[in-house]
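Architecture and fold: a report
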Amino acid sequence: MLRFLTLETTCDETAAAVVTDELVVLGAVVASQDELHQQFGGVVPEIASRAHVERILPVIHQTLEQADVALQDLAAVAVANRPGLSGSLLVGLMAAKTLALAYELPLIAVDHLQAHIYACRIASGRNIFPCVGLIVSGGHSNLYRCQSPLDFTPIGGTIDDAAGEAFDKVASMLGLPYPGGPAIEQVAKQGDSERFKLPRPLVSDPSRLEFSFSGLKTAVRYELFGPGRVPMGAKAELKPQLVADMAASFQEAVVECLVTKSVAALQKVKADRLCVGGGVAANGRFREAMENTSQEYGFELLIPPLNLCTDNAVMGAIAIERYHAGLFESLDLDIKAGLVR
Ligand code: KG4
Ligand code: ZN
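This write-up is about the structure you can find in this document. These numbers come from a predicted model, not from an experiment. In every chain, residue numbers begin from 1 and rise along the written sequence. Going through the entries in the order they are written, you letter the chains from A and number the ligands from 1. Totals for whole chains, interfaces and linings use every residue, but because this is a predicted model, local features are given only for residues with pLDDT of at least 70 and side-chain atom pairs only at 80 or more, for both listing and counting. As a rule here, side-chain values cover all heavy atoms of the structure and leave hydrogens and water aside.

To qualify as a nonpolar core, a set must consist of buried Ala, Val, Leu, Ile, Met, Phe, Trp, Tyr and Cys residues joined through side-chain atoms within 4.5 Å. For the exposure calls, accessible area comes from a 1.4 Å probe over protein chains only, and a residue counts as buried if that area is under 20% of its type's maximum, exposed if over 50%, partly exposed in between. Membership of the largest hydrophobic core comes to 51 residues, with the highest contact counts inside it found for Leu 134, Val 136, Leu 198, Phe 213, Phe 250, Leu 274 and Phe 286. In this description a helix means any DSSP run of H or I spanning at least four residues, a strand means any run of E spanning at least two, and both kinds are numbered starting from the N terminus. Take this core: its biggest share by element is 16 residues, from helix α8 (residues 240–269). Among all residues touching Phe 286, those that are not within four sequence positions of it are Leu 134, Val 136, Val 255, Leu 258, Val 276, Val 280, Ala 281 and Ile 303. Judged by nonpolar contacts, the second largest core, of 35 residues, contains Val 19, Leu 113, Tyr 118 and Cys 146. Residue contacts are defined here by distance: any two heavy atoms, one from each residue, within 4.5 Å place the two residues in contact.

Here it is as structure tokens:
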């Protein structure tokens with residue numbers, strides 16, 4: 001049995017996992033930084049990277065202890081080196097390189113977005129390829145054509161904000177805490193999703209596999225504060241019912257965009273399986289709408305359980321596919337903060 005250590009520090013979660021070559025999770029730890037960023041309504045890169053520095057060693061230590069594995073017993077060490085926040089990525093990368101050097105372990109690079117899709121492979125316990133992959137996270141909203149664990153082609157994505165980012169910004173406008181997605185989902189349960197007629201950007205053009213959430217965010221802002229320029233950080237006196245109705249209306253608009261473009265992507269590449277990953281996939285209304293759509297259109301839908309939707313290191317087990325293909329990195333491995341196309 002081969003055992004792999006995977007590290008994940010792309011954004012604001014410090015995570016490590018030990019996974020076997022049969023995809024059995026022996027240990028997994030996620031240290032969230034939500035409370036550090038809460039007061040700012042979003043992730044502050046400088047704070048995130050400093051927190052990773054403090055947490056990475058305890059997190060690795062705890063993971064190995066949970067897995068009852070010593071560093072010298074590992075087959076390889078893997079690290080998500082793209083895409084993400086530079087300062088955050090560097091902490092994971094340096095930790096992985098140090099372990100690789102000190103324990104003479106092969107070093108494997110993980111694409112964080114591909115790993116989000118691979119979470120479906122781990123959760124389902126069966127082959128998921130070929131499929132269309134949809135990533136809906138705080139930093140990304142992307143569609144991929146996934147032919148194999150080593151062959152991902154981007155086929156669409158956001159032209160401005162990511163879905164999760166829009167959730168976070170709208171939550172902040174509504175006076176809800178960070179992260180905004182779970183907060184919006186919670187209050188939306190008491191809301192009327194038809195009260196506000198918000199736009200569904202690009203939905204009417206199925207030839208474009210693109211999302212745009214910036215205009216939707218602005219539409220919410222105008223509904224709350226009136227049209228025109230609104231000072232940054234402006235807070236209106238919002239009645240709880242209005243907050244609930246806006247949360248529900250906004251959530252519905254985002255979900256409709258995601259569902260419509262996923263169907264368009266499946267039809268375009270003639271795939272019949274959709275694998276979803278990223279924090280927004282934890283949203284109950286999103287899951288329900290996707291489930292209904294998969295039945296209506298007859299495609300297979302895979303969405304991992306919540307702990308594998310949000311950032312974690314278990315999904316970094318996609319590295320095992322690279323291990324078997326002999327795809328190793330030298331100690332010159334660098335980070336790639338932006339999207340790699
Ligand atoms: O994948 P993730 O954990 O981190 C990134 O790689 O960005 O995604 C975090 C994002 C945040 O924007 C958060 O608001 C959103 O996922 N999110 C949700 C929910 N839970 C987390 N959005 C909508 N509904 C949720 N229940
Ligand atoms: Zn992520």
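Now, onward.
Moving on, we come to the pattern of salt bridges. Pairing between side chains becomes possible if they bear opposite charge and their charged atoms approach one another. A carboxyl oxygen of Asp or Glu within 4 Å of a side-chain nitrogen of Lys or Arg is what we treat as a salt bridge. Going through the model one piece at a time under the given rule, you end up with twelve salt bridges. Bridged by salt links that share partners, the residues Arg 126, Arg 273 and Glu 300 form one connected network.

Put simply, the largest pocket is a space of about 920 Å³. Taken together, 37 residues line the largest pocket, and the ones lying closest to its centre are Asp 12, Ser 137, Gly 138, Asp 168 and Tyr 178. Counting residues per element, the ones that place at least two in the lining of the largest pocket are β3 (25–32), α5 (163–173), α6 (180–188) and α10 (306–309). Among the elements that take part in the lining of the largest pocket, α5 stands out by supplying five residues, more than any other. In terms of residue class, the lining of the largest pocket is built from 14 nonpolar, 15 polar and eight charged. Here the lining of the largest pocket gathers at least three residues from each of two domains, domain 1 (3–117 + 310–324) and domain 2 (127–308). Site definitions follow a grid-based scheme: protein atoms alone, a 1 Å grid, a 1.4 Å probe that fits but cannot get out for cavities, and for pockets an open set with protein on both sides within 12 Å along at least five of seven lines, plus lining residues having an atom within 4 Å of a point. Grid points are joined across faces, edges and corners, and a volume is the space filled by probe spheres set on the points. Note that Gly is not counted as nonpolar here; it falls among the polar residues with everything else outside the nonpolar set of Ala, Val, Leu, Ile, Met, Phe, Trp, Tyr, Cys and Pro and the charged set of Asp, Glu, Lys and Arg. An automatic or database domain assignment supplies the residue ranges for each domain.

Here we take up the site of ligand 1. Near ligand 1 there are 20 residues, and of these Gly 138, Asp 168, Glu 185, Gly 279 and Asn 283 occur at the shortest range. Whenever two N or O atoms come within 3.5 Å, that pair is a polar contact, provided that in protein one can donate a hydrogen and the other can accept it, and provided that, for residues adjacent in sequence, both atoms are side-chain atoms. His 116 has a polar side-chain atom sitting 3.5 Å from an oxygen atom of ligand 1. Here the open area of atoms and residues is found with the Shrake-Rupley method and a 1.4 Å probe, where only the protein chains shown may cover a residue. For ligand 1, the protein covers 90% of the area, taking 550 Å² as the surface of the free molecule. Assignment to a cavity or pocket requires that more than half of a molecule's atoms be within 2 Å of the site's grid points. When atoms are counted within 2 Å of each cavity's grid points, the one that captures over half of ligand 1 is the largest pocket. Here the shell around ligand 1 is built from residues that sort into five nonpolar, twelve polar and three charged. Two domains each put at least three residues into the shell around ligand 1: domain 1 (3–117 + 310–324) and domain 2 (127–308). Any residue with a non-hydrogen atom lying within 4 Å of a molecule or strand is treated as near it.

Another point: the coordination of the zinc ion (ligand 2). His 112 (NE2), His 116 (NE2) and Asp 311 (OD) make up the full set of protein donors to the zinc ion (ligand 2), lying at 2.1 to 2.2 Å. For the zinc ion (ligand 2), the four donor atoms in the first shell make angles of 93 to 153° at the metal, so the coordination geometry reads as irregular. Metal donors were taken as nitrogen, oxygen and sulfur atoms no farther than 2.8 Å from the ion, or 3.2 Å where the ion is Na, K or Ca. Water is excluded, so coordination may look unfinished. Square planar and octahedral sites, with four and six donors, are those where opposite donors lie more than 155 degrees apart and all other angles lie between 65 and 115, tetrahedral sites have four donors with every angle between 85 and 135 degrees, and the rest are irregular.

Moving on, we come to the packing of helix α7 (residues 214–225) against α8. For any two helices packed against each other, the geometry is given by the interaxial angle and the distance between the axes. Closest axis-to-axis distance for the α7/α8 pair is 11 Å, and the angle between their directions is 160°. Taken as axis vectors, α7 and α8 run roughly antiparallel relative to one another. Two packed elements cross with a definite hand, and for α7 against α8 that hand is right-handed. Residues Leu 216, Val 220, Glu 223 and Leu 224 of α7 touch α8, and the partners they reach there are Leu 242, Met 246, Phe 250, Ala 253 and Val 254. Helix axes are fitted only over the stretch in contact, all axes being lines through C-alpha atoms; the angle between N-to-C directions runs from 0 to 180 degrees. These descriptions rest on fixed angle ranges, namely under 35 degrees for roughly parallel, over 145 for roughly antiparallel, 65 to 115 for roughly perpendicular, and the rest for oblique. Each crossing is labelled by how the near helix is turned from the far one, with a counterclockwise turn of less than a right angle marking it left-handed and a clockwise turn marking it right-handed.

Here the focus is the environment of Arg 208. Here Arg 208 is to be found in the loop between α6 and β9 (210–211). Classification of Arg 208 as partly exposed rests on a relative accessible area of 33%. Residues Arg 208 and Ala 265, 57 residues apart in the sequence, show an inter-C-alpha distance of 9.1 Å. Here Arg 208 is in contact with Ile 159, Leu 202 and Lys 261, once residues within four sequence places are set aside.

Moving on, we come to the environment of Phe 167. You can see Phe 167 is positioned in helix α5. Here the alpha-carbon distance between Phe 167 and Leu 93, two residues 74 residues apart in the chain, equals 29 Å. Setting aside residues up to four positions removed in sequence, Phe 167 forms contacts with Gly 180, Gly 181, Ile 184, Phe 250, Gln 251, Val 254, Val 280 and Asn 283.

Attention now goes to the sheet that holds strand β1 (residues 3–8). Hydrogen bonds between backbone groups are what pair the strands of a sheet, and the pairing can be parallel or antiparallel. The five strands lie next to each other as β3-β2-β1-β4-β5, forming an open sheet whose pairing is mixed. The open sheet has two free edges, formed respectively by β3 and β5 (107–111), since each of these has just one partner strand. Direction aside, neighbouring strands of the sheet carry axes that sit 20° apart on average. Strand pairing is assigned whenever DSSP detects at least two bridges linking the two strands. Pairing of β1 with strand β2 (residues 13–20) involves six bridges; the strand directions are antiparallel. If you follow Thr 6 over to β2, its bridge partner there is Ala 17. Sitting on the sheet, helix α2 (residues 45–67) touches β1, β2 and β3, and the angle it makes with β3 is about 155°. Along the sheet, helix α3 (residues 86–103) makes contact with β1, β4 (76–82) and β5, crossing β4 at roughly 160°.

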